[in-house]
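Summary of the model geometry
Chain residues, written in single-letter form:
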Amino acid sequence: MGLVSDRVVVVTGASRGAGRGIAVALGGTGATVYVTGRTRNEGDAPLPGTVYATAEAVTAAGGKGIAVICDHADDAQVEALFEQVRSEQGRLDILVNNATCVPDGLTASGPFWEKPLSLTEIFDVGMRSHYTASYFAAPLLLASGSGLVVNTSSFGGRIYMHGPAYGAGKAAADKMAHDMAVDFRPHNVAVISLWMGLLLTERTRAVFEAEPDMYADLAATAENPEFSGLVIDQLARDPQLLEKSGRVFIGAELGEEYGVVDINGKQPPSHRAFFGETTSFGEAIVE
């Protein structure tokens, strides 16, 4: 992997939310960060944030932000994204697969058959898109001689969370990290799945601000989106990174291991005690 200040990074789904925070945090290390998303202008989406605003924030943080409008449901656009990285940089050090669909009705209560069938869109953007981005990124990661792929995920990959569509998508992202790690290991590229905690995204803040008294305790345990980026930065620096490859990690626990605190100076708590262990996979390999 290149020098920290010379890193080339791609963060997918970075108009807002986790992707924006991760991109800005990695930009703070001096990296060149390609940020992708569909939102060109404020008002195009229900929530604030655009790809261009994130790129500007990356640059303001000390890196070089490069905005790329990309619909991760379109393979041709994803291929074009990595062709641009190849043409401009010739390599890639870190890929953060974060783009995900948040369909209407996802967090509604009730059984899955009473929810919209459109929840399955998370299988395209959030599951398949992680695979596609990694597929097109692979030659660039190999060109670096080392690298890191992170699939952002959650405890929903192991417990019931928002129903079977969400759970299947997150479980698949975790398993892909494990299996891709097998293929990448000979090339010194690590792949992990990162379970983030409750994030203070634009969406979450709006909910908290609407009923501050109800959510005060929950808000106190939430992570700023930048925290995941700070953790990924330290993960990429770990000389024993390959030993972690193929596994699922809780972001808060990696933060504690590396001595990373949130941008508010606090150490986010792990929710392992409440939600249980991380998913583990078998070691057998069948070609």
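In the block above lies the structure referred to throughout.
Residues numbered from 1 in each chain as written. Predicted model: local features only at pLDDT ≥ 70, side-chain atom pairs only at ≥ 80, totals over all residues. Heavy atoms only, no water.

The next subject is the packing of helix 1 (residues 17-27) against helix 2 (residues 51-60). With their axes 8 Å apart at the nearest point, helix 1 and helix 2 run at an angle of 25° to one another. On the basis of their axis angle, the class for helix 1 and helix 2 is roughly parallel. Crossing angle aside, the handedness with which helix 1 passes helix 2 is right-handed. Along its contact with helix 1, which presents R20, A23, V24 and G27, the element helix 2 presents A53, T54, A57 and V58. Residues that form the contact of helix 1 with helix 2 fall into these classes: 5 nonpolar, 2 polar and 1 charged. (Axes fitted to C-alpha atoms, helices over the stretch in contact; angles between N-to-C directions. Helix = DSSP H or I, 4+ residues; strand = E, 2+ residues; numbered from the N terminus. Parallel < 35°, antiparallel > 145°, perpendicular 65-115°, else oblique. Left-handed = near helix turned anticlockwise from the far one by under 90°. Contact = heavy atoms within 4.5 Å. Nonpolar A, V, L, I, M, F, W, Y, C, P; charged D, E, K, R; others polar.)

Let's shift gears to the pattern of salt bridges. Charged atoms that come close allow side chains of opposite charge to pair. Scanning the entire structure with this criterion turns up 11 salt bridges. R86 serves as the salt-bridge partner of E83, at 2.6 Å between the closest nitrogen and oxygen. Taken as a pair, E83 and R86 lie in helix 3 (residues 75-88) at a separation of 3 residues, close to a single helical turn. Assessed through its relative accessible area of 39%, E83 is described here as partly exposed. Here R86 falls in the partly exposed class, since its relative accessible area comes to 44%. Residues joined by salt bridges that share partners form a network here, namely D6, R91 and D93. (Salt bridge = Lys/Arg side-chain N within 4 Å of Asp/Glu carboxyl O. Buried < 20%, exposed > 50% of the residue type's maximum accessible area, 1.4 Å probe, protein only.)

By themselves, these are just geometric observations and shouldn't be taken as functional.
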